[in-house]
Amino acid sequence: MNILKDSFGRTFPYIRMSITDVCNFKCGYCLPNGYQIDRSDSRKFLHLDEIKRLAKCFSELGVRKIRITGGEPTVRKDFYEIIRILKIESGIKNVVITTNGYHLDRKAKFLANTGLNGINISIDSLNRETFKNITGHDRLPEILQGIKNLQDFGFENIKINGVLLNEINSTKKDFDEWSNFIQNNKIDFRYIELMQTGDNLEYFKKYHIPSKVFKNYLDENKWIYQTFGKDAGPSLNYINPEYKGKFGIIAPYSKDFCKSCNRLRITSRGDLRLCLFGNTGISVRHLLQNDNQLSELKDLILKQMQFKKESHYLELGKTGSTKNLSKTGG
Ligand code: SAM
Ligand code: SF4
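What comes next concerns the included structure. (Residues numbered from 1 in each chain as written. Chains lettered and ligands numbered in written order. Predicted model: local features only at pLDDT ≥ 70, side-chain atom pairs only at ≥ 80, totals over all residues. Heavy atoms only, no water.)

### Let's talk about the site of ligand 2
(1) Moving on: Surrounding ligand 2, one finds Cys23, Phe25, Cys27, Tyr29, Cys30, Leu31, Gly71, Asn100 and Ser326.
(2) Moving on: Each residue belonging to the shell around ligand 2 can be placed in one class, and the counts come to six nonpolar, three polar and no charged. (Near = heavy atom within 4 Å. Nonpolar A, V, L, I, M, F, W, Y, C, P; charged D, E, K, R; others polar.)

What follows is the structure, encoded as structure tokens:
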């Protein structure tokens, strides 16, 4: 079997696929003015058949996991159909999504019935007012209710991600709230360090804070660093025998972050992106039009691997063509 491997010896069993740029939230670090149509790019978002062909191709290239993201993936009318087809027809074992949790209380039942293998929900704060200020939506209660509903339907693999923001959600009180939340709840919570993108420089300067502040909290509170196998990716995970859930840190500015990179990205319009940042990537869409293009598509993707760079060079302030993460699927 062909395996996706780059010139630094890293392998890529994991794909993040954006299926739309559209989002209904207005997160300050991502789309502070809400989603705006990009008039410079008139291409439509990938359609179901293209998504299916691409996933099948990746599965034959050794990919085992696909994360569907966006924008907000659940705004697509054919969202459930996409998940269903990926689960049944693509050969990918592990299909997961990242969502902002919009209407999660109502969607939980359908999500639990799709056969999804995992759901990451973005919640930046357990304080209702703070959540509203960050996202532009007073929806924390419906999301928390949605999580309960998912669990009532027997859905187990739930993770929550929050972007760490200086003086907004980075105090001991915030950390304690998450700690209480996961104490008797088998949910992993991870803080992601805020990343600079093409659009958010002022916000980044104001709110970026190194994740060390959270790491110090974990060390002080007897959380134990847990190492994982080589497919685990760049999250640093912590366990505590007294807690059902785990904590994690995603620290893109840390020295060795890119060493454990195990993922490639597909944008909503069918560009293969070798990194969340940088300008390397090409459109593969012309090879998604027929089932008989599969072998040509595989060759193209395999050839691209030699162009994957060692690092994102984010620490040098190089954001490449990434204006915000809704475009590349964060
Ligand atoms: N809309 C969905 C959501 O918010 O979960 C999926 C797409 S969103 C771009 C994916 C993740 O990227 C979210 O957890 C979000 O908080 C995170 N994100 C967006 N912009 C970011 C930034 N500049 N730095 C760090 N994380 C960011
Ligand atoms: Fe939308 Fe997700 Fe970006 Fe927030 S982070 S604006 S929910 S795409």
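### Some points on helix H3 (residues 104-113)
Residue pairs spaced three or four apart in an α-helix point in one direction, given the helix's 3.6 residues per turn.
(1) Moving on: Every buried residue belonging to H3 is among Leu104, Lys107, Ala108 and Leu111, and all of these are buried. The buried residues of H3 occupy one face: seen down the axis, they fall within an arc of 130°. Across H3 from its buried face, at more than 90 degrees, point the exposed residues Arg106 and Asn113.
(2) Moving on: On its buried face, H3 is in contact with helix H2 (79-89), strand S3 (94-99), strand S4 (118-122) and helix H5 (140-152).
(3) Moving on: One or two steps after H3, the chain reaches Gly115, where phi turns positive at roughly 90°. (Buried < 20%, exposed > 50% of the residue type's maximum accessible area, 1.4 Å probe, protein only. Helix = DSSP H or I, 4+ residues; strand = E, 2+ residues; numbered from the N terminus. Arc of directions from axis to C-beta. Contact = heavy atoms within 4.5 Å.)

### A short note on the site of ligand 1
(1) Moving on: The full set close to ligand 1 counts 18 residues, and Gly71, Glu72, Thr99, Ser122 and Met195 are the nearest of them.
(2) Moving on: Within the backbone of Met195, an N or O atom sits 2.9 Å from a nitrogen atom of ligand 1.
(3) Moving on: Out of a free accessible area of 540 Å², ligand 1 has 95% covered by protein chains.
(4) Moving on: Breaking the shell around ligand 1 down by element, the ones donating at least two residues are S3 and strand S6 (188-193).
(5) Moving on: Looking at the shell around ligand 1, its residues break down into seven nonpolar, nine polar and two charged. (Polar contact = N/O pair within 3.5 Å; in protein donor to acceptor, adjacent residues only side chain to side chain. Areas by Shrake-Rupley, 256 points an atom, 1.4 Å probe, with all protein chains shown as cover.)

### Digging into the packing of aromatic side chains
(1) Moving on: This structure, assessed with the given rule, holds 19 aromatic pairs.
(2) Moving on: With a centroid separation of 6.2 Å and 80° between ring planes, the pair formed by Phe189 and Phe247 is classed as edge-to-face. Here Phe189 is found in strand S6, whereas its partner Phe247 is found in strand S9 (residues 247-250), with 58 residues between them in sequence. For the residue pair Phe189 and Phe247, the accessibility class agrees, reading buried in each case.
(3) Moving on: Connected via pairs of aromatic rings, a cluster forms that spans Phe175, Trp178, Phe181, Phe189, Tyr191, Phe214, Tyr217, Trp223, Tyr243 and Phe247.
(4) Moving on: Against the face of Tyr14 rests Lys65, its NZ or CZ located 4.6 Å from the ring centre. (Phe/Tyr/Trp six-rings, centres within 6.5 Å; stacked < 30°, edge-to-face > 60°. Lys NZ or Arg CZ within 6 Å of the ring centre and 35° of its normal.)

Structural measurements only, silent on function.
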